[in-house]
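Examination of the molecular architecture
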Amino acid sequence: MAEDFVVTPWEVTGDIDYDVLMKRFGTAPIDDALMARISKYGEPHFMLRRGIFYTHRDLDILLNDYDKGNRFYIYTGRGPSGNTHLGHLMPWIFNKWVQDTFKVPMIFQLTDDEKFLFKDLTLHQTTDFAYENALDLVALGFDPDKTRLILDTKNIETLYPLALAVAKKTTFSTAKAVFGFGNDTNIGRIFFTAMESAPAFLPTQIEGKETKVLIPCGIDQDPHFRVTRDAAPGLGFPKPCMLYCKMAPGLSGGDKMSSSDENATIYTTDTPKQVKKKVGRAFTGGCVSVEEQREKGGNPEVCAVYKYNYFLFEHDDGKLKEMAEKCRRGEVLCGECKVALTQKINVFLENHQAKREEAKELVDKMAFNGFKW
Ligand code: TRP
């Protein structure tokens, strides 16, 4: 039997079976009928077509409401524990598509408090990372008039009443059951779910009427939002609707791109040389010798270079398929794929880094309630 896997907001280990995970969490698949429905609003993003965003809670209910002429908000976030890498951008790129397709406002929460409580970092460090991470989000081109950045320690006046309401509805026994907390857990961690819940209720408060929220994010955040959704009705707020994606893979062949392996992680500020070196060392599905690979072919399923194309860099389904087939037939060698990927990443980063510079002005404009970084 395959080794068991663990997916929580703070730990992702093992070989994740995403269908099993969906059943464990009790979320719904994005079936053909729902895909057909989404297609009515615009060409579905490749992350939907490929099943990267693959499961949801109440997306159909959200669309029913939207069809009646009610605007929703999107809400997502980032725990600022380090510099932004390409894996972080993956769900954000999807959020931008949602904003553009449905013309909706977006709230982005930066949880400097969370990473202070859960990591060996000072509050000063997590707040600095939040600024750096915000530049990357803004660089992706979110509408500056419709997008607001929330920094927990700066926007606490707005968040605190909402977080308190959630905290009052959530028992320690629920927190323990959902997150596995024990007697040695610091009490800030126990409260934190209330802080991540708060922005989900903010749109209703801002609009002064019931306003639905869609949260497109990694499926590892589901434990938080189960708590949020359970608390919502008793507080007079609509339950947030969820749209979840799989974790972006790392270059070493693991299931989740992780900052703990710096050499297998491409940061948004990496130079072309660094990218070349990291991609050059990536884990692939190739054979030990050229002769063997020409004869037997490679295995794109396990190849980090192929996965990068699949999750981020090859948007054309036809070209992606061709890439996999050529690999299996031994017509292309790992070195060639690495060169091609390096090229794509460097073209992307050159543009992103320029936008990131421009973002330095916009982040002030997009700060919720005009807070100062
Ligand atoms: N806890 C998330 C993280 O560690 C950050 C976060 C806050 C978030 N609010 C969110 C993620 C809403 C997704 C959706 O990255």
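Residues numbered from 1 in each chain as written. Predicted model: local features only at pLDDT ≥ 70, side-chain atom pairs only at ≥ 80, totals over all residues. Heavy atoms only, no water.

Attention now goes to the site of the ligand. As a structural note, the neighbourhood of the ligand is formed by 14 residues, with Y75, Q109, E114, E196 and Q221 the closest of them. One nitrogen or oxygen atom from the side chain of Q109 is found 2.9 Å from a nitrogen atom belonging to the ligand. When the ligand is considered free in solution it has 370 Å² of accessible area, and contact with the protein chains removes 92% of it. Secondary-structure elements contributing two or more residues to the shell around the ligand are β5 (73-78), α6 (112-118) and β8 (213-218). Of the residues forming the shell around the ligand, the biggest block, 4 residues, is contributed by β5. Residue composition of the shell around the ligand, grouped by class: 4 nonpolar, 6 polar and 4 charged. (Near = heavy atom within 4 Å. Polar contact = N/O pair within 3.5 Å; in protein donor to acceptor, adjacent residues only side chain to side chain. Areas by Shrake-Rupley, 256 points an atom, 1.4 Å probe, with all protein chains shown as cover. Helix = DSSP H or I, 4+ residues; strand = E, 2+ residues; numbered from the N terminus. Nonpolar A, V, L, I, M, F, W, Y, C, P; charged D, E, K, R; others polar.)

Once that is clear, we can look at the packing of helix α2 (residues 32-39) against helix α4 (residues 59-67). Put simply, α2 and α4 touch, their axes get as near as 11 Å, and they point 30 degrees apart. Classified by the angle their axes make, α2 and α4 are roughly parallel. The handedness of the crossing between α2 and α4 comes out as left-handed. Listed contacts from α4 to L34, R37 and I38 of α2 are L59, D60, L63, N64 and D67. (Axes fitted to C-alpha atoms, helices over the stretch in contact; angles between N-to-C directions. Parallel < 35°, antiparallel > 145°, perpendicular 65-115°, else oblique. Left-handed = near helix turned anticlockwise from the far one by under 90°. Contact = heavy atoms within 4.5 Å.)

Now for the sheet that holds strand β3 (residues 28-29). The mixed open sheet is built from 7 strands, whose spatial order is β3-β4-β9-β8-β5-β6-β7. The sheet terminates laterally at β3 and β7 (147-151), the two strands that pair on one side only. Bridge count for strand β4 (residues 53-57) against strand β9 (residues 241-245) is 4 bridges, and the pairing is antiparallel. Along β9, the bridge assignment pairs R57 with M242. (Pairing = 2+ DSSP bridges.)

Further remarks concern the packing of aromatic side chains. Enumeration over the complete set of coordinates arrives at 22 aromatic pairs. Between W10 and F181, the ring centres sit 6.1 Å apart and the planes meet at 35 degrees, which makes this aromatic pair tilted. You can see W10 sitting in the loop between β1 (6-8) and β2 (11-13) and its partner F181 sitting in the loop between α9 (172-179) and α10 (187-207), a full 171 residues away along the chain. Ring geometry for Y66 versus F102: centroids 5.1 Å apart, planes at 80 degrees, classification edge-to-face. Placement of the pair is Y66 in helix α4 and F102 in helix α5 (residues 86-102), with a sequence separation of 36 residues. Aromatic rings pair up to connect W10, F118, F179, F181 and F192 into one cluster. In this arrangement the basic side chain of R226 is found over the ring face of F25, its NZ or CZ atom lying 4.8 Å from the centre. The side chain of K246 reaches across the aromatic face of Y54, ending 5.1 Å from its centre. (Phe/Tyr/Trp six-rings, centres within 6.5 Å; stacked < 30°, edge-to-face > 60°. Lys NZ or Arg CZ within 6 Å of the ring centre and 35° of its normal.)

So, on to the pattern of salt bridges. Inspection of the entire model under this criterion finds 24 salt bridges. One salt bridge connects D4 with R24, and the closest N-O pair in it is separated by 2.9 Å. Residue D4 is located in the segment before β1, and its partner R24 is located in helix α1 (residues 18-25); the two are separated by 20 residues in the primary sequence. Between K115 and E114 there is a salt bridge, with its nearest N and O atoms 3.9 Å apart. In this pair, the class of K115 matches that of E114, namely buried. Taken together, the shared-partner salt bridges in this structure form one network comprising E43, R49, R50 and D317. (Salt bridge = Lys/Arg side-chain N within 4 Å of Asp/Glu carboxyl O. Buried < 20%, exposed > 50% of the residue type's maximum accessible area, 1.4 Å probe, protein only.)

Let us now look at unusual backbone geometry. Positive phi values are uncommon outside glycine, yet D58 reaches one of about 60 degrees. Inspection of the secondary structure assignment puts D58 in the loop between β4 and α4. What makes D58 partly exposed here is its relative accessible area of 22%. The phi torsion at K103 lies on the positive side, around 55 degrees, for a residue other than glycine. As for its placement among the helices and strands, K103 is situated in the loop between α5 and β6 (106-110). What makes K103 exposed here is its relative accessible area of 53%.

Fair warning: the whole summary comes from geometry, so function is off the table for now.
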